[in-house]
Amino acid sequence: MVTVAPPHPWVYALRLPRDPRAVRVARMTVRAALDGHGRQDAVDVVELLTSELVTNAYLHTEGPASLRLTGLSGGRLRVGVWDSDPYVPAPFGGAGDDSVPLAPLDSESGRGLRLVQEYADSWGGWALGDGALGRGAGKLLWFEVGGRATLPLLLK
């Protein structure tokens, strides 16, 4: 007997208000969803990178954000974070220099996008054009990790 798995076996979507607690809610949601689907192998990486993108949405926009976690075929996972700012930062934009510079050692911020670049298998982003009444519709940043995404022992 052959079982055919659908290309998107499961999807979770979460609307996040502009609230500093939204980052924690996003992390808890990712952890619960991955635990529930038996994907403990990817929890640390996906939780960290999701936290970084949701934190950036909170810090750099004035509106809500949305999170979408998708289990893909072949053990891959995709996370997308939408926010209301249409600016797509490197390395997500694909234009010009796609590398994110290292943050100074004494800096308390500036490492999130570099972490995505280092630990995700692929990533991208799109500005979503004009919204209603001439307002921008924001952007969507996403990343994917494979079936065996893990953080180095030094970061655990």
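For the structure, check the block above.
Here is what the cut-offs are and how they apply
Residues numbered from 1 in each chain as written. Predicted model: local features only at pLDDT ≥ 70, side-chain atom pairs only at ≥ 80, totals over all residues. Heavy atoms only, no water. Helix = DSSP H or I, 4+ residues; strand = E, 2+ residues; numbered from the N terminus. Buried < 20%, exposed > 50% of the residue type's maximum accessible area, 1.4 Å probe, protein only. Contact = heavy atoms within 4.5 Å. Areas by Shrake-Rupley, 256 points an atom, 1.4 Å probe, with all protein chains shown as cover. Pairing = 2+ DSSP bridges. Axes fitted to C-alpha atoms, helices over the stretch in contact; angles between N-to-C directions. Salt bridge = Lys/Arg side-chain N within 4 Å of Asp/Glu carboxyl O. Expected span 1.5 Å × (residues − 1). Phe/Tyr/Trp six-rings, centres within 6.5 Å; stacked < 30°, edge-to-face > 60°. Parallel < 35°, antiparallel > 145°, perpendicular 65-115°, else oblique. Left-handed = near helix turned anticlockwise from the far one by under 90°. Nonpolar A, V, L, I, M, F, W, Y, C, P; charged D, E, K, R; others polar. Polar contact = N/O pair within 3.5 Å; in protein donor to acceptor, adjacent residues only side chain to side chain. Core = buried A, V, L, I, M, F, W, Y, C linked by side-chain atoms within 4.5 Å.

**Observations regarding the overall build of the protein chain**
(1) Moving on: Within the protein chain, the secondary structure is distributed over three helices and five strands.
(2) Moving on: Taken from the N to the C terminus, the helices and strands of the protein chain come in the order β-α-α-β-β-α-β-β.
(3) Moving on: Burial analysis of the protein chain (156 residues in total) assigns 38% to the buried set.
(4) Moving on: Residue pairs at least 24 apart in sequence account for 63% of intrachain contacts in the protein chain once pairs closer than 6 positions are excluded.
(5) Moving on: Carbon and sulfur atoms make up 57% of the accessible area of the protein chain, which amounts to about 9,100 Å² in all.

**Side note on the sheet that holds strand β1 (residues 10-16)**
(1) Moving on: The strand order across the open sheet formed by five strands is β1-β2-β3-β5-β4, and the pairing between neighbours is antiparallel. For this open sheet the edge positions go to β1 and β4 (122-127), each flanked by a neighbour on one side alone. Between one strand axis and the next, the sheet turns through 15 degrees on average, direction left out of account.
(2) Moving on: Relative to strand β3 (residues 77-83), strand β2 (residues 65-71) is paired through seven bridges, and the arrangement is antiparallel. In the strand pairing of β3, Ala-65 is matched with Asp-83.
(3) Moving on: Across the face of the sheet, helix α1 (residues 22-36) comes into contact with β1, β2 and β3 while running at roughly 165 degrees to β1.

**Details of the pattern of salt bridges**
(1) Moving on: In the structure shown here, the tally under the stated rule is nine salt bridges.
(2) Moving on: We note a salt bridge from Asp-44 to Arg-31, for which the minimum N-O separation is 3.8 Å. A residue pair is termed long-range when its members are at least 10 positions apart, and Asp-44 in helix α2 (residues 43-60) and Arg-31 in helix α1 qualify at 13 residues.
(3) Moving on: Owing to a relative accessible area of 31%, Asp-44 belongs among the partly exposed residues under this scheme.

**Focus on α2**
(1) Moving on: The first and last C-alpha atoms of α2 sit 26 Å apart over 18 residues, in line with the 26 Å expected at 1.5 Å per residue.
(2) Moving on: Within α2, the full set of buried residues consists of Val-43, Val-45, Val-46, Glu-47, Leu-49, Thr-50, Ser-51, Glu-52, Leu-53, Val-54 and Ala-57.

**Some thoughts on the packing of aromatic side chains**
(1) Moving on: By the definition in use, this model includes two aromatic pairs.
(2) Moving on: Judged by centre distance (6.0 Å) and plane angle (25 degrees), the ring pair of Trp-126 and Trp-142 falls under stacked. Linking Trp-126 in strand β4 with Trp-142 in strand β5 (residues 139-145), this pair joins segments that are 16 residues apart in sequence.
(3) Moving on: Overall, the relative accessible area of 47% leaves Trp-126 in the partly exposed class.
(4) Moving on: Take Trp-142: its relative accessible area is 15%, and that puts it in the buried class.

**Considerations on the packing of α1 against α2**
(1) Moving on: It is the contact of α1 with α2, at a shortest axis distance of 9 Å, that shows an interaxial angle of 155 degrees. Classified by the angle their axes make, α1 and α2 are roughly antiparallel. Here α1 and α2 pass one another in a crossing that is right-handed. In contact with Ala-22, Val-23, Ala-26, Arg-27, Val-30, Arg-31, Leu-34 and Asp-35 of α1, α2 contributes Val-43, Asp-44, Val-46, Glu-47, Thr-50, Ser-51, Val-54 and Thr-55.
(2) Moving on: Here the residues of the contact of α1 with α2 are counted per class, giving eight nonpolar, three polar and five charged.

**Concerning the side chain of Thr-50**
(1) Moving on: With respect to the helices, strands and loops of the structure, Thr-50 is situated in helix α2.
(2) Moving on: A polar side-chain atom of Thr-50 sits 2.7 Å from the main-chain carbonyl oxygen of Val-46.

**Topic: the nonpolar core**
(1) Moving on: Counting 31 residues, the largest nonpolar core has Leu-34, Val-46, Leu-53, Leu-69 and Phe-143 as its most contacted members.
(2) Moving on: Mapped onto this core, the elements with two or more residues apiece are β1, α1, α2, β2, β3, α3 (112-119) and β5.
(3) Moving on: It is α2 that contributes the most residues to this core, seven residues altogether.
(4) Moving on: Setting aside chain neighbours within four positions, we find Leu-53 in contact with Val-81, Phe-92, Leu-113, Val-116, Leu-141 and Phe-143.

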